[in-house]
Amino acid sequence: MTKTILRALAGEALPTPPIWMMRQAGRYLPEYRATRAEAGDFLSLCYNPELAAEVTLQPIRRYGFDAAILFADILLLPQALGADLWFVTGEGPRLSTITAQRDFDALKGVDAIHDTLNPIYETVRILKRELPAETTLIGFAGAPWTVATYMIAGRGTPDQGPAHALKAENRALFSALIDRITEGTIEYLSRQIDAGAEVVKLFDSWAGSLKGQDFDDFALAPAKRIIAALKARHPDTPVIAFPREAGERYVGFAKATGADCVALDNSVSADWAAQNVQVDGCVQGNLASSHMVTGGQALVDETRAIVNAFRGGPHIFNLGHGITPDADPENVALMIETVRSA
Ligand code: 1CP
């Protein structure tokens, strides 16, 4: 029997949508916090295949999600390309910055990335062995624009200002960086698929700050190039694209990029997305992650409304963004129970 997520990705409208959750392995779970403490820090956890596989499996054991997502981070690719990367406790990631040609010239070529990323492929191989037969394994990478925003600024930014500034001031350098990340992403995801990932997802968390032609050039075009290259090598592996906060640009995104599924954030209504996005194929989403903190009848009502809005077509239930550390694990169980009984 084909796994439910793969059926939805192939375009089938299922009576009950399959479900998984962004950041399902994370700090809201006590067992994650324990394994992270054992690893020492976040990056040591990412690069320890046994422990990274363990935290990937924890939410599957606890909740029986229909998919597991590889435990890693979108910032490992910049590190593999030669950027310095560290995490400041309570604040987030920090990287060496790219502001001038010499910074770009110091980066490594794409062939070198596997030296750093080999442990990630090993995590995928372990998961492939250990996951239940009905659970789909999802690999992922950041989309080039989102990864570039971190490489340019050296950290997360509220408005991606430094990346927009470099794009305006030195288009050639900015485009060269986008190309390098695009090429690295193709090789990274291709190796994840070789190792056993059955689906891959491209996270463009900051796509919403690209407007007009910039959206075409730096959200659509790189996604299209990555998906075309992956499809040439792995024609049967579905790709989920997540151009977060793309708004009206969600319309036509799957067709323009070749993605098998578009993941929706919760700033678009499910009814609107059913009419304007799901008409082209599978969609994923889009419950506000705040419900995992607040719970109660509002969680149940909103979950049912989303399931009903997307009932006529292929749909994978998920949040609109990652679950937050202050979420209550009981609310996750309530969401799953509601989806499976809706
Ligand atoms: O303290 C901790 O334990 C670290 C918190 C954490 C976790 C659990 C980070 C740091 N990364 C992750 C794992 C992670 N990151 C996954 C694993 C799989 C899962 O979903 O369970 C995935 C898919 C990501 C992807 C990721 N990392 C994105 C894209 C999705 C999104 O949330 O928008 C982004 C933007 C990052 C960068 C990053 N890594 C970590 C943090 C706190 C951030 C955001 C930094 C910022 O913008 O300030």
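Below or above, wherever it landed, is the structure these notes cover. Computed from a predicted structure; not experimentally measured.

A word on the overall build of the protein. Looking only at helices and strands, the protein features 16 helices and nine strands. Here the C-alpha radius of gyration of the protein, 19 Å, is about what a compact globule of 342 residues would show, namely 20 Å. Dimensions of the protein, computed from the C-alpha atoms along their principal axes, are close to 55 × 45 × 40 Å. Out of the 342 residues belonging to the protein, those deemed buried represent 58%.

It is worth spelling out helix α9 (residues 161-169) at this point. Among the residues making up α9, those that are buried are Ala 163, Leu 166 and Lys 167. Along the long axis of α9, the arc covered by the buried residues comes to 100 degrees, so they all point the same way. Along α9, the residues that are exposed and aim more than 90 degrees away from the buried face are Ala 168 and Glu 169. Of the surrounding elements, those touching the buried residues of α9 are α8 (144-153), α10 (171-195) and α11 (212-233).

This part covers the packing of aromatic side chains. Considering all chains together, one arrives at ten aromatic pairs under this definition. Relative to Phe 203, the ring of Phe 140 lies with its centre 5.5 Å away and its plane at 85 degrees, an arrangement referred to as edge-to-face. Here Phe 203 lies in strand β5 (residues 199-204) and Phe 140 lies in strand β4 (residues 136-142), a separation of 63 residues in the sequence. A relative accessible area of 6% means that Phe 140 is categorised as buried. What makes Phe 203 buried here is its relative accessible area of 14%. Considering the side-chain rings of Phe 203 and Phe 242, the 6.2 Å spacing of their centres and the 80 degrees angle between planes classify their relative orientation as edge-to-face.

What follows concerns the site of the ligand. Taken together, 22 residues are adjacent to the ligand, and Tyr 32, Arg 36, Asp 73, Tyr 150 and Ser 205 come closest. The separation between an oxygen atom of the ligand and a polar main-chain atom of Arg 23 is 2.7 Å. Contacts to the ligand include Tyr 32, whose side-chain N or O atom sits 2.5 Å from an oxygen atom. Protein contact buries 87% of the 890 Å² of open area that the ligand shows by itself. Classifying every residue of the shell around the ligand gives 14 nonpolar, four polar and four charged.

Parameters and conventions
Residues numbered from 1 in each chain as written. Predicted model: local features only at pLDDT ≥ 70, side-chain atom pairs only at ≥ 80, totals over all residues. Heavy atoms only, no water. Helix = DSSP H or I, 4+ residues; strand = E, 2+ residues; numbered from the N terminus. Rg over C-alpha atoms; globule rule 2.2 N^0.38 Å. Buried < 20%, exposed > 50% of the residue type's maximum accessible area, 1.4 Å probe, protein only. Arc of directions from axis to C-beta. Contact = heavy atoms within 4.5 Å. Phe/Tyr/Trp six-rings, centres within 6.5 Å; stacked < 30°, edge-to-face > 60°. Near = heavy atom within 4 Å. Polar contact = N/O pair within 3.5 Å; in protein donor to acceptor, adjacent residues only side chain to side chain. Areas by Shrake-Rupley, 256 points an atom, 1.4 Å probe, with all protein chains shown as cover. Nonpolar A, V, L, I, M, F, W, Y, C, P; charged D, E, K, R; others polar.

Interpretation note: all reported values are geometric properties and have no functional meaning in isolation.
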